[in-house]
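Letter by letter, the chains look like this.
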Amino acid sequence: MQILSQSPLDPDFVQNPYPFYDRVRQGGPFVVWPEYGFRVTARAAIVGMALRDRRMGREAPSDQAVDIPSHLEPFYAIERHSMLELEAPRHTRLRKLVAKAFTSSRIAAMEEQIVALSNRLIDALPEGGCDLLEHFAKPLPVIVISRLLGVPETDGPQLLAWSNAMVQMYQARRDVSLEEEAAKASAEFAAYLGALIEARRKSPGDDLISELIAVEEEGTHLSRDELISTVILLLNAGHEATVHMIGNGVKTLIEQSVAPHWLERERIEGTIEELLRFDPPLHLFTRWLYEDMEFQGQVLKKGERVGLLLAGANRDPSAWDDPSVLDASRPVRTNFSFGAGAHFCIGAPLARLELRIAIPMLFARLRDLSLPRRPYYADLYHFHGLERLEVSYSKA
């Protein structure tokens, strides 16, 4: 098996990881990525199978459990109850309960608010140009999820700060100082939500937190810890992905000079899916093996961890013609940007709705939208998003 060394902190890799993914794909079904210490794959067929195979999962086997340092206990107190880190039967129970509250009708009902909010944020943009991440891409999703959950919109900046601190735990640049920031944010976020949940128990509202408190499946409810973890997951995962996707998507559309008609209502769904495939916000998703198994001639052992390069699989030429080319006209085919199988992103419908509304509106209302200087990706791997998105325009 090939060993392919690549620092995830290397500036060239941060700006363009796709050549490495091509090397991984050409290296075989799996190659060893020594900087992470496990095998990875960038082949679409294998990633698709691995995401759906119940012999693999997110939850570490008991014999692979590691002692949690005391300074990280506040963070892992939340992680222990996160749907993202659990498998059946706990994951199944939590997912069913959350799905009963986080319904398609509740998400669809947000459309009018998202339209109004997008217009409001564009109205407030400085004349001539700005950093679109700060002025639009960051506030939009955090306000949307705050309203959906029933969190005061004025607390949005604090929620965003906690979210940004916590997701540092998943980044390759993680060090002790970032761990301490994440732990502090975790404790403060949990305390904030604990108080809010108790207030909703006493006085329910028409919001997702109230619904999550009330929802029942086979006589069970979400515990207080499960509620806190679920709300944090919905906010952190949904917000981070949507911010990066708005930024990456706008950058790509400008750079590729995509024709305006691909942003029209009857075509926008396909355009958004192509943007998600082409440059998604999440690049690496890991799985543990619960038994020995074979993938395309390679034997994987129980207790082993493997990495699925979602963004690499999205550019597999065996699945898409000319995958390194953005083609808004290509037939829609399921990509891996939101995962697949039991852990398919539960917030994907909301993220897609925000993208379908926000991106066309930006191009419709900001004439001559352009990039006065090259945007750079931030050192966030395994996330992939911009540091800033400086744009020039004149308002319509």
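As a starting point, this report considers the structure included with it. Every chain begins its residue count from 1, and numbering advances along the sequence as written. Only residues with pLDDT of at least 70 get local features here, since the model is predicted, and only at 80 or more are side-chain atom pairs given and counted; chain-wide, interface and lining totals rely on the full set of residues. As a convention, hydrogens and water are excluded, and side-chain values are obtained from all of the structure's heavy atoms.

Structural notes on the packing of aromatic side chains
Okay, so step 1: Side-chain rings of Phe, Tyr and Trp (the six-membered ring for Trp) are treated as a pair once their centres are within 6.5 Å; stacked means planes under 30 degrees apart, edge-to-face means over 60, and tilted covers the remaining angles. Within this structure, the stated rule accounts for 16 aromatic pairs.
Okay, so step 2: Members of the aromatic cluster, joined through ring pairs, are F13, Y18, F20, Y21, W33, Y36, F38 and Y381.
Okay, so step 3: Charge-over-ring placement is defined geometrically: NZ (Lys) or CZ (Arg) within 6 Å of the ring centre, and within 35 degrees of the ring normal. The ring of F285 has R58 lying over it, and the distance from NZ or CZ to the ring centre is 4.5 Å.

Some words on the nonpolar core
Okay, so step 1: Among the buried residues, those of types Ala, Val, Leu, Ile, Met, Phe, Trp, Tyr and Cys that are joined through side-chain atoms within 4.5 Å form a nonpolar core. The buried label applies to any residue whose accessible area, calculated with a 1.4 Å probe on protein chains only, is under 20% of its type's maximum; exposed applies above 50%, and partly exposed to all values in between. Within the largest apolar cluster, 89 residues are counted, with the highest numbers of intra-cluster contacts made by F102, L132, F136, L149 and V250.
Okay, so step 2: Runs of E in the DSSP output that reach at least two residues are strands. Runs of H or I that reach at least four are helices, and both are numbered from the N terminus. Counting residues per element, this core draws most heavily on helix α13 (residues 224-255), which supplies 13 residues.
Okay, so step 3: Beyond its immediate chain neighbours, meaning those up to four positions away, L149 contacts D207, L208, I209, V231, L234 and L235.
Okay, so step 4: In terms of nonpolar packing, the next biggest core, distinct from the first, is built from 20 residues, I46, V47, M293 and L300 among them. By definition in these notes, contact holds between two residues if any of their heavy atoms fall within 4.5 Å.

Let's talk about the sheet that holds strand β10 (residues 390-395)
Adjacent strands of a sheet pair through backbone hydrogen bonds, lying either parallel or antiparallel.
Okay, so step 1: Each pair of strands is called paired provided DSSP finds at least two bridges between the two strands. Taken together, the 3 strands give an open sheet; going across it, the order is β4-β10-β9, and neighbouring strands pair in antiparallel fashion. Each having just a single partner strand, β4 (129-131) and β9 (366-370) make up the two edges of the open sheet. Direction aside, neighbouring strands of the sheet carry axes that sit 30° apart on average.
Okay, so step 2: Inspection of the sheet shows β9 paired to β10 by 3 bridges, in the antiparallel sense. Lines are fitted to the C-alpha atoms to define the axes, a helix being fitted only along its stretch in contact, and any angle between axes, read from their N-to-C directions, falls within 0 to 180 degrees.

Remarks on the pattern of salt bridges
Okay, so step 1: Here a salt bridge means any side-chain nitrogen of Lys or Arg lying within 4 Å of a carboxyl oxygen belonging to Asp or Glu. Within this structure, the stated rule accounts for 24 salt bridges.
Okay, so step 2: E198 is the partner of R201 in a salt bridge, and the nearest nitrogen-oxygen pair spans 3.3 Å. In this pair, R201 and E198 both sit in helix α11 (residues 176-202), 3 residues apart, roughly one turn of the helix.
Okay, so step 3: Exposure remark for R201: the relative accessible area of 37% places this residue in the partly exposed category.
Okay, so step 4: For R330, the salt bridge goes to E274, with nearest N and O atoms at 3.0 Å. Of the two residues, R330 is situated in the loop between α15 (310-313) and α16 (348-365) and E274 in helix α14 (residues 268-278); the sequence distance between them amounts to 56 residues. The two residues R330 and E274 agree in class, both being buried.
Okay, so step 5: Each of the salt bridges in this network shares a partner with another, and the network as a whole consists of R120, R147 and E153.

A look at helix α5 (residues 90-101)
Okay, so step 1: Across its 12 residues, α5 extends 17 Å between first and last C-alpha, which sits within 8% of the 16 Å expected from 1.5 Å per residue.
Okay, so step 2: Listed as buried for α5 are H91, L94, L97, V98 and A101. Down the axis, α5 shows its buried residues gathered within 140° of arc, on one side only.
Okay, so step 3: Next to the buried residues of α5 lie α6 (104-108), α12 (208-214) and α13. Multiplying 1.5 Å by the helix residue count minus one yields the expected span of that helix. In this description, the arc belongs to the directions extending from the helix axis to the C-beta atoms.

As for the sheet that holds strand β1 (residues 31-33)
Okay, so step 1: Taken together, 5 strands build an open sheet; the order of strands is β1-β2-β8-β5-β3 and the sheet is mixed. Lying at the two open borders of the sheet, with one neighbouring strand each, are β1 and β3 (56-57).
Okay, so step 2: Where β3 meets strand β5 (residues 284-289), 2 bridges bridge the pair, whose relative direction is antiparallel. Looking at the pairing, M56 lines up with L289 of β5.

Quick word on unusual backbone geometry
Okay, so step 1: P89 follows A88 through a cis peptide bond whose omega is 5°.
Okay, so step 2: Its place among the elements puts P89 in the loop between α4 (73-79) and α5.
Okay, so step 3: Here Y381 and H382 are connected by a cis peptide whose omega angle stands at 25°.
Okay, so step 4: Tracing the chain through its elements places H382 in the loop between β9 and β10.
Okay, so step 5: In the Ramachandran plot, S257 falls in the positive-phi region, its phi being about 50° despite a non-glycine side chain.
Okay, so step 6: You can see S257 is positioned in the loop between α13 and α14.
Okay, so step 7: According to the relative accessible area criterion, S257 is exposed, its value standing at 61%.

Side note on the environment of E269
Okay, so step 1: By secondary structure assignment, the location of E269 is in helix α14.
Okay, so step 2: Overall, the relative accessible area of 53% leaves E269 in the exposed class.
Okay, so step 3: When the C-alpha atoms of E269 and I357 are compared, they prove to be 10 Å apart, with 88 residues separating the residues in sequence.

Regarding the packing of helix α10 (residues 156-166) against α13
Okay, so step 1: At a closest axis distance of 10 Å, the pairing of α10 and α13 adopts a crossing angle of 85°. Classified by the angle their axes make, α10 and α13 are roughly perpendicular. In contact with L159, L160, S163, N164 and M166 of α10, α13 contributes I232, L235, N236, H239 and E240. Note on terminology: angles under 35 degrees are roughly parallel, angles over 145 are roughly antiparallel, angles of 65 to 115 are roughly perpendicular, and the others are oblique.

Some details on the environment of G219
Okay, so step 1: Structurally, G219 is set in the loop between α12 and α13.
Okay, so step 2: Note: C-alpha distance between G219 and M1 (218 residues apart in sequence) is 49 Å.

Comments concerning the pairing of strand β2 (residues 38-41)
The side chains of a regular strand alternate between the sheet's two faces.
Okay, so step 1: Bridging between β1 and β2 involves 3 bridges; their strand directions are antiparallel. If you follow V32 over to β2, its bridge partner there is R39.
Okay, so step 2: Taken together, β1 and the strand that follows it, β2, pair antiparallel across an intervening segment of 4 residues, in which G37 is found at a positive phi of about 80°.
Okay, so step 3: Relative to strand β8 (residues 305-309), β2 runs parallel, the two sharing 3 bridges. Within β8, the position partnered with R39 by the bridge is V306.

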